[in-house]
Amino acid sequence: MNIIEELVTQIPAWRERVKRLLIESSEIKVDEVNIGQIYGGMRNIKSLVTDISYVDPEEGIRLRGYTIPELIEKLPRLPSSEIPLVGGLYYLLLVGKIPNLEQAQGMEDEWKARSDVPGYVFDVLRAMPADTLP
């Protein structure tokens, strides 16, 4: 199953889950925050709903439940490489499942197919004032 098919099957359930959460729990208080915490790097503040990442105080960043060392071990890689394909990580972040080599390579191939930037994009960027904000 390619990434588009995978997302098409998952999105309706995600939407229903959020809808139900908002109906059943929209008034629940999540956390209290002070200015010192905000300027201190948002440490120990619950301020985002996400299924994608979490910062574990003991193990560091978890992506879709996996630590970085676990991802390096589990994500697919080319036979000649020590490092997993970035397309595999991207697939995991979007879909929530560790991809096989074909799925990870499919992401890489998609990026490659989209890598040519039309000249008019650069023309527009060059024409913008130097102090234009991103």
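You'll find the structure just up there.
Since we're looking at a predicted model, the values are computed, not measured.

## Points about unusual backbone geometry
Argument step 1. Backbone geometry places arginine 64, a non-glycine residue, at a positive phi of 55 degrees.
Argument step 2. For arginine 64, the position within the fold is in the loop between β2 (60–63) and β3 (66–67).

## As for the layout of surface pockets
Argument step 1. Size it by volume and the largest pocket reaches roughly 1,100 Å³.
Argument step 2. Taken together, 30 residues form the lining of the largest pocket, with Ser47, Leu48, Thr50, Ser53 and Tyr54 sitting closest to its centre.
Argument step 3. Those elements that place two or more of their residues in the lining of the largest pocket are α1 (3–25), β1 (53–56) and β2.
Argument step 4. A per-element tally of the lining of the largest pocket places α1 first, with six residues.

So, how was this worked out
- Residues numbered from 1 in each chain as written.
- Predicted model: local features only at pLDDT ≥ 70, side-chain atom pairs only at ≥ 80, totals over all residues.
- Heavy atoms only, no water.
- Helix = DSSP H or I, 4+ residues; strand = E, 2+ residues; numbered from the N terminus.
- 1 Å grid on protein atoms, 1.4 Å probe; cavity = no way out; pocket = protein on both sides within 12 Å on 5 of 7 lines; lining within 4 Å.
- Points joined across faces, edges and corners; volume = space filled by probe spheres on them.

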